[in-house]
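Single-letter residue listing:
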Amino acid sequence: MRFTPRAVISPNARLGEGNRIGRKMARRQFLAYSGAGLAACRRIWAQEGQFIGTVPFLDERDAAVGRVTGRGLNGRLALDLSTLTPQMLTTPNDQFFIRTRYPDRLRAGAPWKIRVHGLVERVREIPVSELVAAAEPQGVHLLECAGNSAYRNFGLISAAAWEGLPVKVLLEKAGILPQATRVLISGFDGHCTPAPGSVPGAGWIFSLDEVETYRPFLATEMNGVPLARDHGYPVRLVMPGWYGCTCAKWVNEIVLLDDLAPATAQMKEYAARTHQAGVPHLAGDFEPAIIDQVAMAVRVEKWCVAGAIRYRVIGILWGGQTAVKALMIRFNPALGYEPVRGYVHETNATWTLWSHAWRPKERGRYAIQLKIDDPGIRTRRLDAGYYVRRVEIKDV
Ligand SMILES: Nc1nc2c(c(=O)[nH]1)N[C@H]1C(S)=C(S)[C@@H](COP(=O)(O)O)O[C@H]1N2
Ligand SMILES: [Mo]
């Protein structure tokens, strides 16, 4: 690893590489050099820079990051974002975040069918084998839980290369009646143990226009293998660019509806977290639950370069619908924003890594916040300070 202050991290790096090597390397270097402060750094005279370790984020102490915990509606797995490398534009399946583990009433052995009904010429039960046979690559897409927060070290976010069947293709075969304007896509949620704060029943209603615009698909494979049980085996929805709460797992029902369709329990539960105006009664009064453009730091690296301590902040940009050209960073409200130059933003489908060299003038606590200096890009969550991360700098 080299300390390159303006290192441009290209999203063109090979997709699908695991991050095991990166993690192992980082850990080893961290153990070897974690004790190195300024005095030790003065003795190390490496022109290219010596990686000392990562500075932990404050007030984020989910000890379980990277480990699966709980069951059913309480089941969680947060991705350890500090391990991200520029090559890791998809998440290995065993690290992909989990929000709700498989329902214990699920009968995995029985042949799976999706019941298509409502405003259709005739009710159909589509065997999942039909979807598997017709599945095609759908590209790399990121999922983020609308409830992703410091409580889970912001790890409820991951990306994968998906395979499946576009919802549009399925609807074309369904014989939709002309009065149908909306479609409910919902999944199995038979959990024996209720969870406080989680309403079972995962279904979201999309307008047919939204299906056209955002191209949702019924995924049967993730990173080249069938979905894991916890990610919705045998079939889940992926709604590109929308929050994960819209993407039902264990999909078993598709219902064609009209404009009078009431919002589902899931929609109401997630109304605030998807930036709706209040809790609309009708599905048609919900705005698309899209992820506004966001950015946050994922790792603060401490380096020793030519006898001096230097820092480098690595972060991600994700969400949004267009390319970001004006990413800005600040380290405390009093310090003002400065431009981030180390990134090439080429896709909104998955995250883009960025890096920023940082020389704090004083020891102390810093709050790292990003901003996008472009009035044409909507950044509600970012501007609310949702993704601020804090560090304590002990050596300068
Ligand atoms: N059936 C069902 N589908 C569901 C959920 C659920 O609780 N039950 N949770 C949703 C939420 S809130 C999120 S963020 C995503 C998470 O998908 P993942 O666990 O595969 O990462 O699944 C969605 N699909
Ligand atoms: Mo979620």
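Residues numbered from 1 in each chain as written. Chains lettered and ligands numbered in written order. Predicted model: local features only at pLDDT ≥ 70, side-chain atom pairs only at ≥ 80, totals over all residues. Heavy atoms only, no water.

### Details of the site of ligand 1
Note the following rule: Consider each residue's heavy atoms; a residue with any of them within 4 Å of a molecule or strand counts as near. Counting of polar contacts relies on pairs of N or O atoms within 3.5 Å, with two restrictions inside protein: one atom must be capable of donating a hydrogen and the other of accepting it, and residues adjacent in sequence are counted only when both atoms are side-chain atoms. Note on areas: these come from Shrake-Rupley sampling with a 1.4 Å probe, and a residue is covered only by the protein chains present in the view. Here a cavity denotes grid points, spaced 1 Å and computed from the protein atoms alone, that fit a 1.4 Å probe unable to get out, and a pocket denotes an open set having protein on both sides within 12 Å along at least 5 of 7 lines; residues with an atom within 4 Å of a point are the lining. Being in a pocket or cavity means that more than half of the molecule's atoms lie within 2 Å of its grid points. Classification convention: Asp, Glu, Lys, Arg as charged; Ala, Val, Leu, Ile, Met, Phe, Trp, Tyr, Cys, Pro as nonpolar; all other residues, Gly among them, as polar.
Close contacts around ligand 1 come from 19 residues, with Phe 97, Thr 100, His 231, Arg 236 and Lys 249 the closest. A distance of 3.1 Å separates a nitrogen atom of ligand 1 from a polar side-chain atom of Asp 189. In isolation ligand 1 has 530 Å² of accessible area, and contact with the protein removes 99% of it. Counting atoms within 2 Å of the grid points, the majority share of ligand 1 lands in the largest cavity. Looking at the shell around ligand 1, its residues break down into 12 nonpolar, three polar and four charged.

### Focus on empty space enclosed by the protein
Heads up, the condition is: Grid points are joined across faces, edges and corners, and a volume is the space filled by probe spheres set on the points.
Inspection of every chain in the model, using the stated rule, returns three cavities of 30 Å³ or more. Approximately 310 Å³ is the volume found for the largest cavity. Across the lining of the largest cavity, the residue classes break down as 13 nonpolar, five polar and five charged.

### A closer look at the state of the cysteines
Put simply, the rule is: Whenever a pair of cysteine sulfur atoms sits within 2.5 Å, that pair is classed as a disulfide. Comment: elements are numbered from the N terminus, with helices defined as DSSP H or I runs of at least four residues and strands as E runs of at least two. Relative accessible area decides the class of each residue, using a 1.4 Å probe on protein chains only: under 20% of the type maximum gives buried, over 50% gives exposed, and in between gives partly exposed.
One pass over the full model with this rule turns up one disulfide. A sulfur-sulfur distance of 2.2 Å marks the disulfide that ties Cys 41 to Cys 304. Sign of the S-S torsion, about 95° for the bond between Cys 41 and Cys 304, identifies this disulfide as right-handed. Pair noted here: Cys 41 is in helix α2 (residues 38-43) and Cys 304 is in strand β14 (residues 294-305), with a separation of 263 residues, a long-range link. Here the two residues Cys 41 and Cys 304 agree in accessibility, since each one is buried. The thiol of Cys 247 is not disulfide-bonded; the next cysteine sulfur, from Cys 245, is found 7.7 Å away. Residue Cys 247 is classed as buried on the basis of its relative accessible area of 4%.

### Here's the deal with the layout of surface pockets
Roughly 350 Å³ of internal volume is contained in the second largest pocket. If you go around the second largest pocket, you meet 15 residues; those closest to its centre are Glu 338, Trp 358, Arg 359, Pro 360 and Lys 361. Sorting the residues of the lining of the second largest pocket by element identifies β15 (308-318) and β18 (352-358) as the ones contributing at least two each. Residue composition of the lining of the second largest pocket, grouped by class: eight nonpolar, one polar and six charged.

### A few points about the packing of aromatic side chains
Here is the rule: When the centres of two rings from Phe, Tyr and Trp lie within 6.5 Å, Trp using its six-membered ring, the rings pair. Their planes under 30 degrees apart give stacked, over 60 give edge-to-face, and anything left gives tilted. Lysine and arginine charges are scored as sitting over a ring when NZ or CZ, respectively, is within 6 Å of the ring centre and within 35 degrees of the ring normal.
In the structure shown here, the tally under the stated rule is 13 aromatic pairs. Both rings, one in Phe 331 and one in Trp 358, keep their centres 4.1 Å apart while their planes meet at 5°; by these two values the pair is stacked. Within this pair, whereas Phe 331 is found in the loop between β16 (327-330) and β17 (338-339), its partner Trp 358 is found in strand β18, the two being separated by 27 residues in sequence. For Trp 358, a relative accessible area of 6% puts it in the buried group. Of note, Arg 273 hangs over the ring of Tyr 270, and the distance from its end group to the ring centre comes to 4.3 Å. Of note, Arg 389 hangs over the ring of Phe 57, and the distance from its end group to the ring centre comes to 3.9 Å.

### Let's talk about the pattern of salt bridges
What counts is decided by this rule: By convention in these notes, a salt bridge is any Lys or Arg side-chain nitrogen within 4 Å of a carboxyl oxygen on Asp or Glu.
Following the criterion strictly, the structure yields 12 salt bridges and no others. Arg 124 is the salt-bridge partner of Glu 130, the closest N and O atoms lying 3.3 Å from each other. Residues joined in a network through salt bridges with shared partners are Asp 292, Arg 378 and Arg 380.

### Let's talk about the pairing of strand β4 (residues 113-118)
The condition that has to hold: Paired strands, as defined in this entry, are two strands with at least two bridges between them according to DSSP.
By the bridge criterion, four bridges tie β4 to strand β5 (residues 124-127) in an arrangement that is antiparallel. In the sheet register, Ile 114 faces β5, and the bridge partner there is Ile 126. Following β4, the chain reverses through five residues before pairing antiparallel with β5. Alignment of β4 against strand β13 (residues 251-257), held across four bridges, turns out to be parallel. Residue pairing for β13: His 117 is matched across the bridge by Val 255.

### Structural notes on unusual backbone geometry
Glycine aside, the phi torsion of most residues is negative, and most peptide linkages are trans. Here the bond from Tyr 233 into Pro 234 is cis, since omega is 10°, no more than 30 degrees from zero. With respect to the helices and strands, Pro 234 occurs in the loop between β11 (225-226) and β12 (236-238). At Asn 153, a position not held by glycine, the phi torsion is positive, near 55°. Of note, Phe 154 is a non-glycine position whose phi angle comes to about 60°, a positive value. Along the polypeptide, Phe 154 turns up in the loop between β6 (136-144) and β7 (157-166).

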